[in-house]
Amino acid sequence: MIMHLFNIFFLLLPALIQSRQHEISLNEETPLGTIIFDLNTLSSSSSITYQLLESSSLLAFNSSTNLISIAKRIDRDTLCPNDDTCSKCQLTIKFYDMFYYDILLLIFNINDINDNPPIFSSNTYSISLTENNIPGIKIRLSKAEDIDCSMNGVQLYELTYVLHGHVMISSINLLLKHQNQTKYQPFYLSYDSNTDLYLIINQTLDRELQNEYIFTITANDYSHTISSKLTLTVLDVNDHIARFSQSIYSVNMSYSTSPGTILLKLTAYDPDLEQNARIFYSLLSIDGTTNKNDLFQINSHTGELRLISNLTHLESKRIFKLIIGASDGSNHAIPALTTVYINIIQQSIITITFGSNRISSNGSEVFIEENLPNSTFIAYITSDKTLQVLPEGNSQGFYIQKLSDNSITLLTDRNYDRELHSFYNVSIRSGDNERNFRIIVTDINDCRPTWNTSLLNINVESYLMILTLNATDNDEGQNGKVGYRKKGSFWPEWIDLIDNQLIINCTNQTDNHCWNHLLNEEVYIDVEAFDYGQPALSSLMKIRLYRSSTRLMFMKYEYMIVSIASLLGILFVLSMICICICCRRRQTKKNIEIMDDNSTKQKIIQTSSSEQSSSAGSLYGSEKSDNITLETATSCHLDMFLFSPKRAATMTDSPYPYTFLNKSLNPTDTLTNKLFHSIQTDLSLLTDSKPDVLTNRGTYV
């Protein structure tokens, strides 16, 4: 309970105690850890202790040193986002002074710095305005936004544009409320009391003179500069009337002019755009009367003036005066006017009767099939005056059969061949009248498809080849359309024909028929080109497939080369084996010679031993001689052994067929024992060895 009361008292203590405060100026974006205030400067005593009561998370207090520093980034534009006038943006920290027993309040006033550039909401803007506007129109523009205070915000706007090849600049200073002398320019910027930015259009726009203006708007806060592009499009209004290229037109015609003939094509233009420039033509009057007529007609969209009926019933009429109007279709538009004079001239009448039943609608073309017999009838022509047919000569494609001065017949002078000459022009004159028509030669299927060559040689160089066949047919239409098909019974399965594509496919790894065919012989196939006429005509081409000689020879002798190489390898191995055997035999022979040499040396030693033992010959008599001879003979074939009677006893199983070795040694044979003892004694004298060593060890050489 007491502790609870103490806490309440401690909370109420600041309200009861007198407080004092200090204001400190602090710039935003001060680096972290910077010491911004030292509490020790408030008193001469350095032992004053402060108890922190309230603080901001952006500041740090060291109670041991009484220093206040920056703990986090301080951004005034974030702390006080709506304070455009930079009036007040503060951080407070409160302490309890343990020495003076009062409250210390520190207020940090955050100063704004110009650390943010102005920003336009878009890099490009587009506005539109109709032409013929009233000067002084204001168009509101988007301002550049700067989150700094107004004193560090946008201070200057500039408008830059090109007019008649000159660069024009209009600027306005927002801080000084000053505008340079640009009010007499056709375009300039304005800034009103509501801080809105406007583009002032100080002239009347004419789309026909200039349909687009491009401006650059620049915002500057004296530390940063940013620009945006503004496009002003001038919209069209229907402020122009249509105009004819001529004010008066004149055209001649005769009474024999056929209905439907186009007499004249009128042209008017309007500098406006799209719908405002669409021209409509109308026939307003004929000879001063606006009554509906049945003689002439004008196309309202194209301006073509056409004769729509015969004039034979108006033989006394010599001239017609037509008033033609052109307008752009807008309401209450004033049309442009022009006058057309149609002069009727007297002409002789030319009548043409064609022999073919295929004639164009206006009689200007007659169609005759090619390959018809010579002297085929073309036309019968009559006139009220003398006739003249052009061209004259022998190559015009027809000849004239004159019936009278006023009547002729035209006949073909050859078998027409459309592939050589597809048409002939005919001009007929009679007095001041002239008629023209053209003889059109029509096609029949009389040409076969033709190849560039009768034999096509193809060197198969790759595993897959696609060749395009091209046969030509001089006929037209279906008669000249060419198709292709296989011909003949021999077509290997690795060759295919699809439309005009010849496909040679040797890519199948499990089937080498392609290479086998080309390895053994050349391959010949036939391709037929045909047309789609009636009857169909065709022609053949032979195709020779082969492999180049170098590659072919290599493939032909490939197996032989492999066999020869294998045989040479086997012979090499056998020769190496023989060389090894010969070397082995030579080495063996050399070893035998060394052994024989050792045997010879042994004989010398044995002979010496025998001579020394001969001093005992008188003692042993003939028995001794026999034994020495036997031992000497034995040493010629064996390595010499000098051994004691005991070792002789152990050698009875020797494979050498000598009697004295196979002979059973009887220890009681005193003569033999004496002989061995005599040899051992003699050898011990020669080698200065002890007799007991020879007796126990024996000697091997």
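To keep things clear, this report deals only with the structure shown in the data block. Fair warning: this is a prediction, and the values are worked out from it, not measured in the lab.

**Quick word on the overall build of the protein**
- When helices and strands are tallied, the protein shows 11 helices and 42 strands.
- A burial count over the protein gives 37% of its 701 residues as buried.
- For the protein, restricting intrachain contacts to residue pairs at least 6 apart in sequence, the fraction spanning at least 24 positions comes to 65%.

**Brief notes about the nonpolar core**
- Counting residues in hydrophobic clusters, the biggest one holds 28 residues, and the most contacted among them are Tyr157, Phe187, Leu199, Phe215 and Leu232.
- Among the elements of the structure, β8 (124–130), β9 (137–141), β10 (156–163), β13 (187–191), β14 (197–201), β15 (212–220) and β16 (225–235) are those that each provide at least two residues to this core.
- Leu232 has contacts with Ile127, Ser128, Leu129, Phe187, Ile201, Leu205, Asn211, Glu212, Tyr213 and Phe215, leaving out every residue within four places of it along the chain.
- Ala268, Phe296, Ile298 and Phe320 belong to the second largest nonpolar core, which has 27 residues in total.

**Focus on the side chain of Asp97**
- Structurally, the position occupied by Asp97 is in strand β6 (residues 90–97).
- Non-local contacts of Asp97, meaning those with residues more than four positions away in its chain, are made with Arg20, Ile48, Thr49, Tyr50 and Asp102.

**Regarding helix α3 (residues 513–520)**
- Listed in full, the buried residues belonging to α3 are Cys514, Trp515, Leu518 and Leu519. Buried residues of α3, viewed axially, fall in a sector of 125°; they line one side.

**As for the state of the cysteines**
- This model, assessed by the stated rule, comprises two disulfides.
- Disulfide partner of Cys80: Cys89, at an S-S distance of 2.0 Å. Here the disulfide of Cys80 and Cys89 is right-handed, its torsion about the S-S bond being about 85°. Residues Cys80 and Cys89 agree in their burial class; the two are buried.
- The partner cysteine of Cys506 in its disulfide is Cys514, sulfur to sulfur 1.7 Å. Measuring handedness by torsion sign, the sulfur bridge of Cys506 and Cys514 sits at about 50° and is right-handed.

**As for the pattern of salt bridges**
- Under the counting rule described, the total for this entry stands at 17 salt bridges.
- In this structure, the salt-bridge partner of Arg73 is Glu29, at a minimum N-O distance of 2.7 Å. You can see Arg73 sitting in the loop between β5 (67–70) and α2 (76–79) and its partner Glu29 sitting in the loop between β1 (19–27) and β2 (35–38), a full 44 residues away along the chain.
- Because the salt bridges share partners, they merge into one network encompassing Arg418, Glu419, Asp443 and Glu476.

**Section: unusual backbone geometry**
- Here the amide bond leading from Gln534 into Pro535 is cis, since omega sits at -5°, within 30 degrees of zero.
- Positive phi, normally seen in glycine, also occurs at Asn66, with a value near 60°.
- Within the fold, Asn66 resides in the loop between β4 (59–62) and β5.
- The exposure class assigned to Asn66 is buried, which follows from its relative accessible area of 3%.
- With a phi close to 55°, Asp499 is a non-glycine residue in the positive phi region.

**Side note on the packing of aromatic side chains**
- Applying the stated rule across the entire model yields 12 aromatic pairs.
- For the pair Tyr50 and Phe95, a centre-to-centre distance of 6.2 Å together with 70° between the ring planes defines the contact as edge-to-face. Residue Tyr50 is located in strand β3 (residues 50–54), and its partner Phe95 is located in strand β6; the two are separated by 45 residues in the primary sequence.
- The buried category is assigned to Tyr50, whose relative accessible area is 4%.

**Quick word on the sheet that holds strand β26 (residues 350–354)**
- Taken in spatial order, the four strands line up as β26-β28-β31-β30 in an open sheet, and their pairing is antiparallel. The sheet is open, and its two borders are formed by β26 and β30 (398–404), each paired with just one other strand. Adjacent strand axes in the sheet meet at a mean angle of 20°, parallel and antiparallel pairs treated alike.
- Bridge analysis of β30 against strand β31 (residues 407–412) gives six bridges, and the strand direction is antiparallel. Its bridge partner being in β31, Ser404 is matched across the sheet by Ser407.

**Let's talk about the sheet that holds β4**
- Spatially, the three strands line up as an open sheet ordered β2-β5-β4, and their pairing is antiparallel. One side of each edge strand has no neighbouring strand; the edge strands of this open sheet are β2 and β4. Pairs of neighbouring strands in the sheet enclose a mean axial angle of 25°, with direction left out of account.
- With four bridges connecting them, β4 and β5 associate as antiparallel partners.

Calculation criteria
- The residue numbers shown here count from 1 along each chain, following its written sequence.
- Local features in this predicted model are restricted to residues of pLDDT 70 or higher, and side-chain atom pairs are both shown and tallied only at a pLDDT of 80 or more, whereas totals for entire chains, interfaces and linings draw on every residue.
- The side-chain values count all of the structure's non-hydrogen atoms but skip hydrogen atoms and water molecules.
- We count a stretch as a helix when DSSP gives it H or I for four or more residues in a row; a strand needs E for two or more, and each element gets its number in order from the N terminus.
- Burial status follows relative accessibility: with a 1.4 Å probe on protein chains alone, a residue under 20% of its type maximum counts as buried, one over 50% as exposed, and anything between as partly exposed.
- In what follows, a contact means two residues having at least one pair of non-hydrogen atoms within 4.5 Å.
- We call a set of buried residues a nonpolar core when its members are Ala, Val, Leu, Ile, Met, Phe, Trp, Tyr or Cys and they connect through side-chain atoms within 4.5 Å of each other.
- What the arc measures is the spread of directions leading from the helix axis to the C-beta atoms.
- For the purposes of this analysis, a disulfide is any pair of cysteine sulfur atoms at a distance within 2.5 Å.
- Here, a salt bridge means any Lys or Arg side-chain nitrogen found within 4 Å of an Asp or Glu carboxyl oxygen.
- What counts as a ring pair is set by centres within 6.5 Å for rings of Phe, Tyr and Trp (its six-membered ring), and what kind of pair is set by the plane angle: stacked under 30 degrees, edge-to-face over 60, tilted for all other angles.
- Strand pairing is defined by DSSP finding a minimum of two bridges between the two strands.
- Between N-to-C directions, angles cover 0 to 180 degrees, with each direction set by a line fitted to C-alpha atoms, over the stretch in contact for helices.

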